[in-house]
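# Structural overview for review
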Amino acid sequence: TDLEKTPDLWLGASGWEFKPEGLRVSGGDIGLLDGEGYGDYRFEFELVLPQEGQGIAGWIVRAKDASECLMFQLQSADSPFTAPAFKTKPNTLRPHVRRNGQWQIADPVPLPKEIRRGEAHRIAVECRGERVEVFLDGERIHRQSAPGLREGAVGFRAAGPAEQGIFRKISLTKL
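Residues numbered from 1 in each chain as written. Predicted model: local features only at pLDDT ≥ 70, side-chain atom pairs only at ≥ 80, totals over all residues. Heavy atoms only, no water.

## Quick word on the environment of aspartate 34
Here is the rule: Here a helix means four or more residues in a row that DSSP labels H or I, a strand means two or more in a row labelled E, and each is numbered from the N terminus. In this description, contact between two residues means that some pair of their heavy atoms is separated by no more than 4.5 Å.
Here aspartate 34 lies in the loop between β4 (29–33) and β5 (41–48). A C-alpha to C-alpha distance of 8.6 Å links aspartate 34 and aspartate 8, two positions 26 residues apart in sequence. The contacts of aspartate 34, once residues within four sequence positions are left out, are Leu9 and Leu11.

Dropping the structure here:
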């Protein structure tokens, strides 16, 4: 619990700031929690999309390493960011699979309620076997299968200043 308070546990976390109000991720691409053998788990955190960014933040699960993982990005309803090649769309969750360093982006999943920059929301991802489920404020918003990615670390991602998130109350619980 409170993994945002232990910077030594995170690998590749350049561009991250560990502050009293939470972990601010605003660059550095992918950073992962140190360790191996993460099987079935629940990765949970509170997320705020800050006004300074463009309403996009990403997190990682089932990471064998930075080139083999699942990533989810949340884009706020008030996000001005547009990149059709990356299937960006306001007020959506965008699931990604990365294999051999190449991203495959699934179609955006509409969110059941409006999410805005500056608001705090509870995110949880449950990984059991090949099944991965994403929850927003306690409501399941996405379910997918992840063949070949049955275990792996968790982390966060920001490719540049448009992608920013403040993460707090970060926990990883074995299921």
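## Side note on the packing of aromatic side chains
Each aromatic ring pair is characterised by the separation of its centres together with the angle its planes make. Worth spelling out the cut-off: Aromatic contacts are taken between Phe, Tyr and Trp rings whose centres are within 6.5 Å, Trp giving its six-membered ring; a plane angle under 30 degrees counts as stacked, one over 60 as edge-to-face, and the others as tilted. We call a residue buried when its accessible area falls under 20% of the maximum for its residue type, exposed when it is over 50%, and partly exposed in between, using a 1.4 Å probe and counting protein chains only.
Overall, the coordinates contain eleven aromatic pairs when judged by the stated rule. Ring centres 5.6 Å apart and planes at 40° place the aromatic pair tryptophan 10 and phenylalanine 156 in the tilted group. Here phenylalanine 156 lies in strand β14 (residues 153–158) and tryptophan 10 lies in strand β1 (residues 10–11), a separation of 146 residues in the sequence. Residue class for tryptophan 10 comes out buried when judged on its relative accessible area of 6%. Taking relative accessible area as the criterion, phenylalanine 156 reaches 0% and is therefore assigned buried. With a centroid separation of 5.4 Å and an interplanar angle of 70°, the aromatic rings of phenylalanine 45 and tryptophan 59 are classed as edge-to-face.

## Comments concerning the pairing of β4
Stated precisely, the cut-off is as follows: A strand pair is defined by DSSP finding two or more bridges across the two strands.
For β4, the buried fraction is high: four of the five residues fall into the buried class. Direction of pairing for β1 relative to β4: antiparallel, over a ladder of two bridges. Within β4, the position partnered with leucine 11 by the bridge is leucine 32. Of the strand pairs in this sheet, β4 and β14 are connected by four bridges, and their pairing is antiparallel. When the bridges of β14 are listed, leucine 32 appears paired with glycine 155.

## Notes on the pairing of strand β3 (residues 22–25)
Across a regular strand the side chains alternate sides, sitting on one face of the sheet and then on the other. Both strand β2 (residues 16–19) and β3 contribute to a ladder of four bridges, which runs antiparallel. Along β3, the bridge assignment pairs phenylalanine 18 with leucine 23. From the end of β2 to the start of β3, which pair antiparallel, there are two residues.

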